[in-house]
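Residue strings, one per chain:
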Amino acid sequence: MREFWTSLASLMGVLAFCQGLLTTIFPPSFRYTFFKIFNRFSNYFSSYCYFDITEIDGVNTNELYNAVQLYLSSTAAATAASAGRLSLTRSLNSSAVTFGLAHNDTLFDTFKGVAIQWEHIVTERPSQSFSWRPVPDEKRGFSLRVKKSAKDLVLGPYLDHIMDRAGEIRRLNQDRYLYTNSRGGSMDSSRPGHPWEAVPFKHPSTFETLAIDPWRKAEIMADLKEFSNGESFYRATGRAWKRGYLLYGPPGTGKSSMIAAMANYLNYDIYDLEITEVSSNSELRKLLMKTTSKSIIVIEDIDCSIDLSDRQKDRHKHRPGLHHSLPSSDDGPSGPGSVTLSGLLNFTDGLWSCCGSERIFVFTTNHVERLDPALLRCGRMDMHIHLRECSFEALKILLRNYVGLEEEDLDLETVAEFETVVEKAGMTPADVSEVLIRHRRDRIKAVMELLLELKRRAEGGKGGRRGGGRVSSFEDQEEEEKRELEMMHINNNIANGDDQQKNEEKEKEGNVVLLHDEFYSNENDKKSN
Ligand SMILES: Nc1ncnc2c1ncn2[C@@H]1O[C@H](COP(=O)(O)OP(=O)(O)OP(=O)(O)O)[C@@H](O)[C@H]1O
Ligand SMILES: [Mg+2]
């Protein structure tokens, strides 16, 4: 053993001597050329080639390094079980843990049948005398090893694939935003002059929680998925990569909830366009230009936001002599509510609507009959979705979500009763969920109360149908409710006197829901008498 150590020590000594000799005898330029030739020689006989991707390229951050890091984080996650050591990170406000290659560790990836080896190389950076900007203490980089025969595949399609995948991961990890426009632009000092104000979007509505007929739900989800995966289709057909959905139906049937579910399903941002805050058609265009791709642009209650008189009238409105003076451009007059129907049509379908891509337009209304046919045509509103009062299928979803009851948990008689009355009652999902929330601590009571309410309405009570036809529209009834409540307040105020009213104001506010219910039970009593 001792002999082995002695010979090793002498070998090291000889090597050190040779190195010293090389350094002293041969000048640096000669040594450099020697090692270059030596490397070339060894590479010539190797079947692999290597590519280094350093974190900092000169003075700039290398975008490819960041992309590779993100890409390998998802590959590492997929191979977490087989990889030896992974580093885990979780950034502030993010719900996802990111995997990464630990320092000087290796990972294997395959692309189109080609094996690729990645190594994360971290070395200490020699201390620098001066730098314009702070640089990390460590020199980081990835080394890629691949067979020489696959070099072209790696430098072309594989690196493109990495960049695309990294972009996708970045988007999924990012917080999504709900944007809204306000007159004068964003108040956020970090985005001066930006027309959209943003808040993180955290709406809990999903397609699972949405109570609509399952076949309809599946149809909408498939349409959305097809749209988001349809880049090549839209390119091949020469169509702008956008789609329009019109959601219509009575209040409380889930139009806004569906928009949130769509955004959560596709991971898109939402731009909630308040059209009454837009002062001209050109401002509308500018707003559109400032939206990003992979987003849903929403105009709620479109019939209330804009004068939907036809385009003919629209044109007359802007002709000299007919109304106010002619505007200086074809932009129409400016000021609150000055966006015209043609401005809106251009917004959804004109040349400007194609700036950016992968965008969904959603309009909602309670009165589809009030909309101009031009707005409804395919290409603008491609899919018309009618959200209606609760069906039996939708009711089952609400029972499951709110009180955790499946159809099998109910006895056959109750199920049959629900089935008979639910369509006739014409209750909206919002009404049904209200009853269930009120009694959610006692599931049996919740079911009984819901059944009672449905029967009451089916027999012609609040919001119900009588003889197969609607008593009145829901909106009318809501208006009626509000008027009656106001009347009750006024009567109370008169009876109690002003001073007393001030003292009792708080108490009454808390009782509004109760008064509302009492009002209905009184109304129903009156009707049944
Ligand atoms: N189809 C539904 N599925 C699940 N929940 C619903 C549904 N419809 C309504 N709701 C519940 O009722 C509430 C009101 O619904 P939402 O605001 O989506 O109705 P809307 O159709 O947009 O009404 P409006 O026309 O007044 O804007 C929501 O908070 C949601 O919880
Ligand atoms: Mg709504």
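See above for the structure.
Computed from a prediction, not measured in an experiment: that's the story for all the values here. (Residues numbered from 1 in each chain as written. Chains lettered and ligands numbered in written order. Predicted model: local features only at pLDDT ≥ 70, side-chain atom pairs only at ≥ 80, totals over all residues. Heavy atoms only, no water.)

*Asks:* When you look at the sheet that holds strand 11 (residues 242-248) in this model, what are you seeing that I'm missing?
*Replies:* As a general point, the strands of a sheet are linked pairwise by backbone hydrogen bonds and lie either parallel or antiparallel. One open sheet holds the seven strands; their spatial order is 10-9-12-13-14-11-15, and the pairing between them is mixed. Each of the sheet's edge strands pairs with one partner strand only, and the pair in question is strand 10 (196-200) and strand 15 (383-386). Neighbour to neighbour, the strand axes of the sheet diverge by 20° on average, direction disregarded. Pairing of strand 13 (residues 295-299) with strand 14 (residues 359-365), which is carried by five bridges, proceeds in the parallel orientation. (Pairing = 2+ DSSP bridges. Helix = DSSP H or I, 4+ residues; strand = E, 2+ residues; numbered from the N terminus. Axes fitted to C-alpha atoms, helices over the stretch in contact; angles between N-to-C directions.)

*Asks:* I'm lost on helix 15 (residues 429-438) in this one. Help?
*Replies:* An α-helical turn contains 3.6 residues, so a residue and the one three or four places further along point in the same direction. Buried residues of helix 15: P429, V432, S433, V435 and L436, and no others. In a view along the axis of helix 15, the buried residues occupy a sector of 160°, so they form one face of it. Contacts made by the buried residues of helix 15 are with helix 13 (392-403) and helix 16 (443-458). (Buried < 20%, exposed > 50% of the residue type's maximum accessible area, 1.4 Å probe, protein only. Arc of directions from axis to C-beta. Contact = heavy atoms within 4.5 Å.)

*Asks:* What am I meant to see in the pairing of strand 8 (residues 138-147) here?
*Replies:* Look at any regular strand and the pattern is simple: side chains alternate between the two faces of the sheet. Pairing analysis gives seven bridges linking strand 1 (residues 48-54) to strand 8, with the strands arranged antiparallel. Following the sheet pairing, Y48 is matched in strand 8 by K147. As paired elements, strand 7 (residues 114-124) and strand 8 share eight bridges and run antiparallel to each other. Among the inter-strand pairings, Q117 is bridged to a residue of strand 8, identified as R145.

*Asks:* It is not clear to me how the site of ligand 1 should be interpreted in this structure. Could you clarify?
*Replies:* Around ligand 1, the structure places 15 residues, and the nearest of them are A211, G252, K255, S256 and S257. In the environment of ligand 1, an oxygen atom lies 2.6 Å from a nitrogen or oxygen atom belonging to the side chain of S257. Isolated, ligand 1 exposes 620 Å² of accessible area, and the fraction of that covered by the protein chains is 71%. When contributions to the shell around ligand 1 are tallied by element, the ones reaching two or more residues are helix 7 (255-266), helix 13 and helix 15. (Near = heavy atom within 4 Å. Polar contact = N/O pair within 3.5 Å; in protein donor to acceptor, adjacent residues only side chain to side chain. Areas by Shrake-Rupley, 256 points an atom, 1.4 Å probe, with all protein chains shown as cover.)

*Asks:* Just to check I follow, could you spell out the side chain of D303 for this structure?
*Replies:* In this structure, D303 sits in helix 9 (residues 302-305). Within the structure, the side chain of D303 is placed 2.7 Å from the side chain of T365, a separation counted as a polar contact.

*Asks:* Would you explain the pairing of strand 15 in this entry?
*Replies:* Taking every second residue as pointing to the same face, the buried face of strand 15 carries M383 and I385, while none of H384 and H386 on the other face is buried. Note that strand 11 and strand 15 share four bridges and pair parallel. Of the residues in strand 15, the one forming a bridge with L246 is H384.

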